[in-house]
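Structural features, examined
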Amino acid sequence: MNVYDSDRMAELLRPLGYRPAAAPDDADMVILNTCHIREKASEKVFSELGRLRATRREREAAGNGGMIIAVAGCVAQAEGEEILRRAPYVDMVFGPQAYHQLPEMVARASRGAGATLNTDFPTEPKFDTLPARAADSAVSAFLTVQEGCDKFCSFCVVPYTRGAEYSRPVAAILEEARQLLAGGARELTLLGQNVNAYHGEGPDGRPVTLGRLIRLLAEAPGLERLRYTTSHPLEMTDDLISAHGEVPALMPYLHLPVQSGSDRILAAMNRRHSADDYRRIVDKLRAARSDLALSSDFIVGFPGETAADFEDTMTLVGEIGYAQAYSFKYSPRPGTPAAAGEMIEEPVKDERLQRLQVLLNGQQADFNAGFAGRVLPVLLERDGRQTGQLVGRSPYMQSVFVEAPRHRIGRVAEVRIEAGFGRSLKGVLVTPDAAAA
């Protein structure tokens, strides 16, 4: 989501004469686009701000002009006043719902009119005032279709920093998709904090589900692949599940966070589903598409988590089997209900996280190793680190390294996998380049 937001900010700034700089030392403006999900996010922001302040002073002393310093995103939304109190040299602080107002904020900063704090939730959707997408899209591009969340999981700040659920109209999404595809994109990843709760207005004025939106997007000329993230189990409707078996462009990889395998902890998290509910959803998904691969999120050491609760999580992971997963120790987010709970000691959290990650990493390594000898369609996206090497993505989100000429970038190639590693695959082109060019 922040990659998408950062790209849109750059597009907004382009008419003002701004272009991306290679490093902060060369920049006339630096925007820290922040996320508040992880622990100590605000402290990392203040540390970086201190370095930027020193860089600005060096630029000014060398006669290279000043530097506008801004903090954007969810840390700005949650702690805007504190940022300006501790770092009064910051010129702009604005939340994720306000970046469409960047031109006005930059004009104010350029005049030296004082710091701007913009963390109100505007009445008009920001997407209505954003410019058309750039004409040079990446091969794989992000497309935000939904923002905000109404689920209020007890550990999460998203409803407070991103606001209530909002779904963009279908027409606006289809138009942005056309712009991205015309610019060279071949794969689109639909984004939302709770993306499968999508219910945007359709052509007839009635709400459209994510499953229906996927079917509409799949008809767009030039589109090879579709993905979506991040999902909530409560919103995995039969219509969406069936799309996984009926839409060839929808890739067989799904990020479906469960967070815990303990019903007691899931209730404390306000997830509103049980571990068995999650198992049944996975069964339906795999019935719809047998080669579907799953990834997930896990929190260990949630307030009140017992050894038995943790073992329930280990059991669930062992039963489901994941191609990839993200696992974290619980860290309290200010203002969330879970922050007032009974904290688990750090050594206990450390031990549980290590055990879980050993299991998850083993599953991922086994999953990747299982592709050795198979042929996969790989969307080649960019140059690799080695001369003559390209890097692409398999349908299952693995990075695939292959020797291929640069003109193959942006095309799907049949690749025979030679080896699978912990986080990537290596292969060779099945079709000789002379025949495929």
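Residues numbered from 1 in each chain as written. Predicted model: local features only at pLDDT ≥ 70, side-chain atom pairs only at ≥ 80, totals over all residues. Heavy atoms only, no water.

1. Digging into the sheet that holds strand β9 (residues 225-229)
- A sheet is described by the order of its strands in space; here three strands give the open sequence β5-β8-β9, paired in parallel fashion. The open sheet has two edge strands with one neighbour each: β5 (140-144) and β9. Direction aside, the axes of adjacent strands within the sheet are offset by 25° on average.
- Alignment of β5 against strand β8 (residues 187-191), held across five bridges, turns out to be parallel. Paired with F142 across the two strands is T189, which belongs to β8.
- Helix α6 (residues 170-182) rests against β5 and β8 of the sheet, and its axis sits at about 165° to β5. (Pairing = 2+ DSSP bridges. Helix = DSSP H or I, 4+ residues; strand = E, 2+ residues; numbered from the N terminus. Axes fitted to C-alpha atoms, helices over the stretch in contact; angles between N-to-C directions. Contact = heavy atoms within 4.5 Å.)

2. Some details on the pattern of salt bridges
- If you walk through the whole model with that rule in mind, you get 29 salt bridges.
- With its nearest N and O atoms 2.7 Å apart, the salt bridge here joins K151 to E235. Of this pair, K151 sits in the loop between β6 (146-147) and α5 (158-161) while E235 sits in the loop between β9 and α8 (238-246), and the two are 84 residues apart along the sequence.
- Two residues, E319 and R279, come together in a salt bridge whose shortest N-O distance is 2.5 Å. One end of the pair, E319, is in helix α11 (residues 307-320); the other, R279, is in helix α10 (residues 275-288), with 40 residues separating them in the sequence. (Salt bridge = Lys/Arg side-chain N within 4 Å of Asp/Glu carboxyl O.)

3. Observations regarding the pairing of strand β15 (residues 399-403)
- Bridge analysis of strand β14 (residues 389-393) against β15 gives five bridges, and the strand direction is antiparallel. Its bridge partner lying in β15, G392 is registered against V400.
- As paired strands, β15 and strand β17 (residues 424-429) are joined by four bridges and run parallel to one another. Paired with V402 across the bridge in β17 is G427.

4. Section: α10
- Helix length check: α10, at 14 residues, gives a terminal C-alpha distance of 20 Å against a target of 20 Å (1.5 Å per residue), a fit within 8%.
- Of the positions making up α10, those classed as buried are A275, Y278, R279, I281, V282 and L285. Viewed along the axis of α10, the buried residues span an arc of 160°, placing them on a single side of the element. Counted as exposed and oriented over 90 degrees from the buried face of α10: D283 and A287.
- Buried-residue contacts for α10 involve α8, β10 (253-255), α9 (263-268), β11 (293-300) and α11. (Expected span 1.5 Å × (residues − 1). Buried < 20%, exposed > 50% of the residue type's maximum accessible area, 1.4 Å probe, protein only. Arc of directions from axis to C-beta.)

5. Looking at the nonpolar core
- L190, L213 and Y228 are the most contacted members of the largest nonpolar core, which totals 51 residues.
- For Y228, the residues in contact, after removing those within four places along its chain, are T189, L190, V195, L210, I214, M236, L240, H244, L250 and L254. (Core = buried A, V, L, I, M, F, W, Y, C linked by side-chain atoms within 4.5 Å.)

6. Observations concerning the UniProt feature "domain: TRAM" (unreviewed entry) in the chain
- Following the UniProt record, the feature "domain: TRAM" (unreviewed entry) maps to residues 369-431 here.
- Secondary structure over residues 369-431 splits into 2% helix and 54% strand, and the C-alpha atoms at its two ends are 23 Å apart. (UniProt positions renumbered as here; feature names shortened; annotations may be inferred.)

7. Overview of the packing of helix α7 (residues 210-217) against α8
- Following both chains from N to C, one finds α7 and α8 inclined at 30°, their axes separated by 7 Å at the closest point. With respect to their mutual orientation, α7 and α8 come out roughly parallel. Residues L210, G211, R212, I214 and R215 of α7 form the contact with α8, whose participating residues are D239, L240, S242, A243 and E246. (Parallel < 35°, antiparallel > 145°, perpendicular 65-115°, else oblique.)

8. Looking at unusual backbone geometry
- The omega angle of the peptide bond from T229 to T230 is 5°, so this bond is cis rather than trans.
- One can find T230 in the loop between β9 and α8.
- Of note, F152 is a non-glycine position whose phi angle comes to about 55°, a positive value.
- Within the fold, F152 resides in the loop between β6 and α5.
- Overall, F152 belongs to the partly exposed group, its relative accessible area being 40%.

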